[in-house]
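# Close look at the chain arrangement
Spelled out, the chains give:
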Amino acid sequence: MQLKPPLIDSPLICIVGPTAAGKTDLALEVAPLFDGEVVAADSRQIYRGMDIGTSKPTASEQKRVRHHMIDVADPFDEFSVVSYRRGALEAIKEIESRGRTPFLVGGTGQYVEALTRGVSPAPTNAGIRRKLEDDLARHGIDELAARLRRLDPLAAGTIDLKNPRRVLRAIEVKLATGNSIRELEERGSPARRVLVVGLRLSRVELSERIRRRVDMMIDRGLLDEARRLWSSGHGKASVASRTIGYSQAFDYLSGRCTLAEAREATAVATRQYARRQSTWFRNRESVEWYPRGPDTVAQVSRRVHEFLASASA
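In this report, we go over the structure that sits alongside the text. (Residues numbered from 1 in each chain as written. Predicted model: local features only at pLDDT ≥ 70, side-chain atom pairs only at ≥ 80, totals over all residues. Heavy atoms only, no water.)

### Quick notes on the overall build of the protein
Each helix and strand in the protein was counted, giving 14 helices and six strands. Taking 313 residues into account, the globule formula puts the C-alpha radius of gyration at 20 Å, and the protein, at 20 Å, falls close to it. Expressed along its principal axes, the backbone C-alpha trace of the protein runs to roughly 60 × 50 × 35 Å. The proportion of buried residues among the 313 residues of the protein is 49%. Sequence-distant contacts, at least 24 apart, represent 77% of the contacts inside the protein between residues at least 6 apart. A gap of 2 Å separates the mean positions of the 51 positive and 40 negative side-chain charges of the protein. (Helix = DSSP H or I, 4+ residues; strand = E, 2+ residues; numbered from the N terminus. Rg over C-alpha atoms; globule rule 2.2 N^0.38 Å. Buried < 20%, exposed > 50% of the residue type's maximum accessible area, 1.4 Å probe, protein only. Contact = heavy atoms within 4.5 Å. Lys, Arg positive; Asp, Glu negative; His and termini not counted. Charge placed at Lys NZ, Arg CZ, Asp CG, Glu CD.)

What follows is the structure, encoded as structure tokens:
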């Protein structure tokens, strides 16, 4: 069944939510109904050689629905949000040039935000940044968060005040430019209509899905993949060493823990990350949430059809 109406106004459909919620599965069912292609919004799936530990779509899944922004960087590459936005916009333009529909799918909030809100054009001010980093080391994040509330209540009301990097950047932009980082982001926002769909699961269900995912990754060969990354030089001091799953695998392979301990540590870290993702999307995006269940595909498909129809009206 083909549901796609004629498209105008550059609409973008986003499927977001915490890790292990089932975003890829949903996209694989919904996107083909609208001649869709997926633009991945995952800060780890962009890296080559990190397949199992990032739950990257399989070759058969990517054959079923074409994916973009996967395997575009080496684990030692510097890949900023700005770099991601540039590549994703190029992919979206190419998808639309063929009359197809882009679906932005993933759980990296900053990547999604870069497409739905834009990226602040303010350059880094090294002097201010060093001073703020010193202040952070001496006084802690709570004091800097209080400073941001005084300097820029607009930004303070929308960012995670426990995230040092985000707080420092917001203060840096305000001190360097006199403008709120939120005002600058609005100026850089893309001129397109956006529908953001989120998958919502109970904490118990998500925890169980995370546990099963960790077991599946180990069964599929996560430890072998980690060994290859380490032996190729893409383990220590690379992004893999800071990635959930690989970090714990490296601990096991180096004898710092047992396999059972690595498995449990991976599950715990993934659950913590999933909570941070959920908090991000609740606070930063206008998400239409859908419970995961047997009717989810039908419900989301109807909503996407309504959205695209309104864009072409």
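### Considering the packing of aromatic side chains
Within this structure, the stated rule accounts for three aromatic pairs. When the centroid spacing of 6.4 Å and the interplanar angle of 40° are considered together, the rings of Phe34 and Phe103 count as tilted. Taken together, the positions of Phe34 in the loop between α1 (23–30) and β2 (36–40) and Phe103 in strand β4 (residues 101–105) put the pair 69 residues apart, joining distant regions of the chain. Relative to Tyr111, the ring of Tyr84 lies with its centre 3.9 Å away and its plane at 5°, an arrangement referred to as stacked. On the criterion of sequence distance, the pair formed by Tyr84 in helix α3 (residues 81–97) and Tyr111 in helix α4 (residues 109–116) is long-range, its members being 27 residues apart. For the pair Tyr84 and Tyr111, a shared accessibility class is recorded, and that class is buried. (Phe/Tyr/Trp six-rings, centres within 6.5 Å; stacked < 30°, edge-to-face > 60°.)

### Considering the sheet that holds β2
Within the open sheet, the six strands sit side by side as β3-β2-β4-β1-β5-β6. Their pairing is parallel. One side of each edge strand has no neighbouring strand; the edge strands of this open sheet are β3 (67–68) and β6 (287–291). When β2 meets β3, the two strands line up parallel, connected through two bridges. Of the residues in β3, the one forming a bridge with Val39 is His68. In this fold α1 packs onto β1 (12–16), β2, β3, β4 and β5 (194–200), with an angle of close to 145° to the strand it touches most, β1. (Pairing = 2+ DSSP bridges. Axes fitted to C-alpha atoms, helices over the stretch in contact; angles between N-to-C directions.)

### Digging into a positive patch on the surface
Residues Arg203, Arg275, Arg276 and Arg282 make up a contiguous surface patch of positive charge. Of all the elements, helix α13 (residues 259–284) adds the most residues to the positive patch, at three residues. Position of Arg275 among the secondary structure elements: in helix α13. Its relative accessible area of 42% is what places Arg275 among the partly exposed residues. (Patch = residues over 30% accessible without salt bridge, like charges linked within 9 Å, V, L, I, M, F, W, Y side chains within 5 Å. Areas by Shrake-Rupley, 256 points an atom, 1.4 Å probe, with all protein chains shown as cover. Salt bridge = Lys/Arg side-chain N within 4 Å of Asp/Glu carboxyl O.)

### Focus: unusual backbone geometry
Peptide bonds are trans in most cases, and residues, glycine excluded, mostly fall at negative phi. A positive phi angle, close to 75°, is found at Ala20, a residue other than glycine. Position of Ala20 relative to the elements: it lies in the loop between β1 and α1. We note that Met69 has phi near 65°; this positive angle belongs to a residue other than glycine. Within the secondary structure, Met69 is located in the loop between β3 and α3. The class for Met69 is buried, based on a relative accessible area of 8%.

### Digging into the nonpolar core
Counting 65 residues, the largest nonpolar core has Val39, Tyr84, Phe103, Leu104, Leu115, Tyr246 and Val304 as its most contacted members. Counting 17 residues, the second largest nonpolar core, distinct from the first, contains Leu144, Leu161, Val167 and Leu168. (Core = buried A, V, L, I, M, F, W, Y, C linked by side-chain atoms within 4.5 Å.)

### Here's the deal with the environment of Glu96
In this structure, Glu96 sits in helix α3. With 46 residues separating them in the primary sequence, Glu96 and Met50 have C-alpha atoms 29 Å apart.

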